[in-house]
Amino acid sequence: MSDLTQVEIEQRDDVVVARLTGELDISVAESTGRKIAEAVPSSARGVVVDMSGLDFMDSSGVSMLFGLARRVGSHRQQLVVVAPTGRPVSRVLEIVEFGRAAPVREDVDAAVTAIATPQA
Amino acid sequence: MSDLPGLFDVRVKARSIAYLFAVGATLGLLTLAFPHADEIRDVPLIVLAGMAYAIAATLWALADRLRDWHIHAVLAAGTVIISLANYYAGPSTLYPILYTWTALYSFYFFPMREALAQMVFLAFAYAVVLAIQEADMVVVDWLLAVGTPAVAGILITRLLGGIQHHARELRESDERTRLVLDTAPDAFITLDRHGCITTWNAAAERMFGWTKEEAVGRTMRELILPPEYAERHDTRRLELLDSLGQLATETYEVELIRRDGRRFPGEATVSKVESGGEVFASGFITDTTERLRRQAEREALLREQAARAEAERVAEVVGGMQALVDAALAHRNLEGILRDLVAQVRGVLAADAATIYLADDGGRLSVGASSPAGQAVGEEFAIWVAESREAMLAQSDALIGVPLLAEDEVTAVLVAGAEPPREFGGEALTLLRLAAERVGLAIAHARVYEREHRIAETLQRSLLPDRLPDLPGLEVAARYLPAAAEAEVGGDWYDVIPIAGGAVGLVMGDVAGKGLAGASMVGRLRSALRAYALEGHDGGRVVERLNRLLWTEAEESQMATMLYLIVDPAASTVRWVNAGHPPPLVMSRGEARFLEGQASVPLGVLPFPTYEEVAARLEPGDALLLYTDGLVERPGEHLDHGLELLTAAVRGAPDNPQGLLDHLLATLVPARGAADDVALLTLFNLPVPEEFSAEFPAEPESLAPIRSMLRRWLAHAGADDLEIAEITTACGEAATNAIEHAGTMNGARFEVWGQREGGEIHIAVHDHGSWRREREDDHGRGLDLMRTLMDTVSVDPGEQGTTVSLRRRLGRRGGAA
């Protein structure tokens, strides 16, 4: 079902915010990752993937995030994931220790700020 | 004494005696005229002769009315006169002569016994005379004097016995004749030349009220003829009697009078009869009162029948015309109208076949309907009728055809045919002409309706879901029943929209505009609603947006009612927004209740109304029913009544979606079809079993339904939200593996099985592929997730496929972190 996950793209200065809603599983993981990647111009400093509106994500979603992290990394861009604690998505991210690949924040503002203030 | 045995008519007897008296008196006077002895006294004898003459004259005059006893009395009186005459004339030979004559007369005219009595009386009188006049006469001389005439009378009579015998035969024959005549139903009367009645039978007595005794000897004009007929009667009788030929008969109608003065019509058959040299008239008279009455009745009846036949004929023409018009106006589809019409035409015209040809825009004719079905009649004739634009007959009146016009165009031609020798007449032509105008219009209208109806229905059907989605744990069914053909297609629509998270949106709406405009608005609302719903908007906002769409974009006064329900089977809830639509029905544990509350205005009424969601429980085993007003609204009835009928029908319905809807349509929709469109949508929140087993296609699209099913089942099994999320994630990983194992195999499937064992959840996913080690990262992550989220995970890669078994005890807080 192609509309299982919806992607809304928002531009905040030179940061792209991709807001995901719905559920993310293997049926949509690849296309969702591609949509986000295509929405990020090379001029952007980074991308925030907002998963606070996502009701479900499995390991295919995690793979998509890892892939996305590699891709933006190769463009010298940053990836920050928004996943509020206690939600199913953050639980999955914790288990697979996604924090090692990219920072996870509680909300979009924190994420955008994280990109705006480049880490060492 | 009966007259029947009488040998002769009493008049004959009376007149004979009158002759006898006259002759006797004349003889006596002649005796006086000649020189005679002194002892013969003149004066008494002249007086006696005068008396005899008087009696004779009286007899003659009254001959017609005398009876036998009168004759006997006269004979006795005659004897007395003779005796006295003898006394005054002194001993003479006169007495024996008269005595002998009288004896002869008696024996001849009367039966033996009466004649003997007469003779005894005469002999006694003679003996008395002799005793007075011849006192010294010896007894022997007496006896001789008295006996001799008597014996002579008997002897002479015996000599005349042949005559007597013949007369008796005649008398007997006459008796039979009289019997016949008297038992005859008709009056039989004979008249002599003078018009005196000589025969008067029993029927005549009954008919006229005069007895035979009273009638015989009198004339018809005295008794039974009205004065105005009298003259004619006499003329006729004389003409008849004077006519040549032995037997002349004529019959004529007369008016007659009864004894009581009442007149009545009769028919007389009069014949001239000659018998024994005598000519007389005989007539049979029939009382024709009854016959005339019957005849009048029959004539009246015939007139009435004729009048009724005429009235029926007129009524038939009018009724026939009405039947044709009714057939055309009966609101059904064109096909129905035409089929009915040809059947009616056949019936009304008593035709053997009837066909209606429809003209297309180019004027070409094609068969619209035939009766008997499939047997078109008079195709070439129909073309001719269409060209001439006139009702007409053809083929020796065996074909009749009439063009049906609408707006001066021939829209159809109606043709009927009869098997020769039967044929149609002017009436049939009149009838068809009368009916044609209105029938033509009805058909033209029906064709326009039909065309628009068909387009709109096609369009609307295209807007309804072809098939409803498979929803785990839920079962949905829908029905859409267009209104009977004369109504325009309504703007009813429904939809079932799966929403992320296993929820499902149910839509039931009714756009007020019908026909093409309504159908196109349905299309816009439907796609808009799908879009808004999938965007994850709250139900109230979705409906508010639809209202905005309708308010800004629809034509003036277009509005819609609608229901939008979001069913979340995992949470066992239903949330709904009602925009002026009949309330949805929820069926729970055998009870049906409406989901009331927060019903707002229909869409398109206000620019900015607020629509709020209302929530209610929808437990496993409960069901929802959405419908349009076509199901519950009946003309002239309050909506509440329709809603009551609906709840009653729901209570008696089968406990499955298809059965429920079929039952409702059968119970609530009239057999002739609904007046308005009816749309029905039901959702059954299936009961959650302790244990489940389901099979899915090995494709990524199966994952979302599996999750929906699991969430629902887990909720029912007592898992909290976090547990549901984690177990669902773990199982999703197992299912994803199963799908990957199937690879690109077509039609591969895998099973998911679940069971709650006390406080522990046990789920197994079994596929038919082989465990693969590729994409180690992903699998590793998947396995990690499963192992972390569940208590135990075991992978069993067997010959028949791989089984992943997952277990987790509920109520385990925290989990591995």
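The model shown is predicted, which means the values in this text are computed figures rather than measured ones. (Residues numbered from 1 in each chain as written. Chains lettered and ligands numbered in written order. Predicted model: local features only at pLDDT ≥ 70, side-chain atom pairs only at ≥ 80, totals over all residues.)

Draft legend 1. Region of the structure containing the pairing of strand β9 (residues 399-406) of chain B. All names here are of chain B. Burial runs high along β9: 6 of the 8 residues are buried. Here strand β8 (residues 392-394) pairs with β9 via 3 bridges, running antiparallel. Considered in β9, the bridge of Leu393 is made with Ile400. Counted between consecutive antiparallel strands, the loop separating β8 from β9 contains 4 residues, among which Gln395 sits at a positive phi close to 50 degrees. As defined by bridge partners, β9 adjoins strand β10 (residues 409-417) across 8 bridges and the pair is classed as antiparallel. Bridge pairing links Leu405 to Val410 in β10. Turn length for the β9-β10 hairpin, with the two strands adjacent in sequence and antiparallel, is 2 residues, and the turn residue Glu407 shows positive phi of about 50 degrees. (Buried ≥ 20, exposed ≤ 12 C-beta atoms within 10 Å, placed from the backbone. Helix = DSSP H or I, 4+ residues; strand = E, 2+ residues; numbered from the N terminus. Pairing = 2+ DSSP bridges.)

Draft legend 2. Representation of the interface of chain A and chain B. Contact residues are listed per partner, giving 23 residues for chain A and 23 residues for chain B. Put simply, the parts of the chain that give the side of chain A that touches chain B at least two residues each are β2 (15-24), β3 (46-57), α2 (59-74) and α3 (88-95) of chain A. It is α3 of chain A that provides the largest number of residues to the side of chain A that touches chain B, a total of 5 residues. Looking at side-chain class alone, the side of chain A that touches chain B contains 9 nonpolar, 7 polar and 7 charged residues. (Contact = placed C-beta atoms within 7 Å. Nonpolar A, V, L, I, M, F, W, Y, C, P; charged D, E, K, R; others polar.)

Draft legend 3. Spotlight on the sheet that holds strand β22 (residues 691-697) of chain B. All names here are of chain B. Pairing is antiparallel in the open sheet, where 5 strands are placed in the order β22-β23-β24-β26-β25. Of all the strands in the sheet, just β22 and β25 (792-798) have a single pairing partner and so form its edges. Mean inter-strand twist for the sheet, computed between neighbouring axes without regard to direction, equals 15 degrees. Where strand β23 (residues 749-757) lies against strand β24 (residues 760-766), 7 bridges are found, and the strand directions are antiparallel. Note that in β24 the partner of Arg756 across the bridge is Ile761. Those strands touched by helix α21 (residues 721-742) are β23, β24 and β26 (801-809), and its axis lies near 180 degrees from that of β26. (Axes fitted to C-alpha atoms, helices over the stretch in contact; angles between N-to-C directions.)

So yeah, pure geometry; function would need other evidence.
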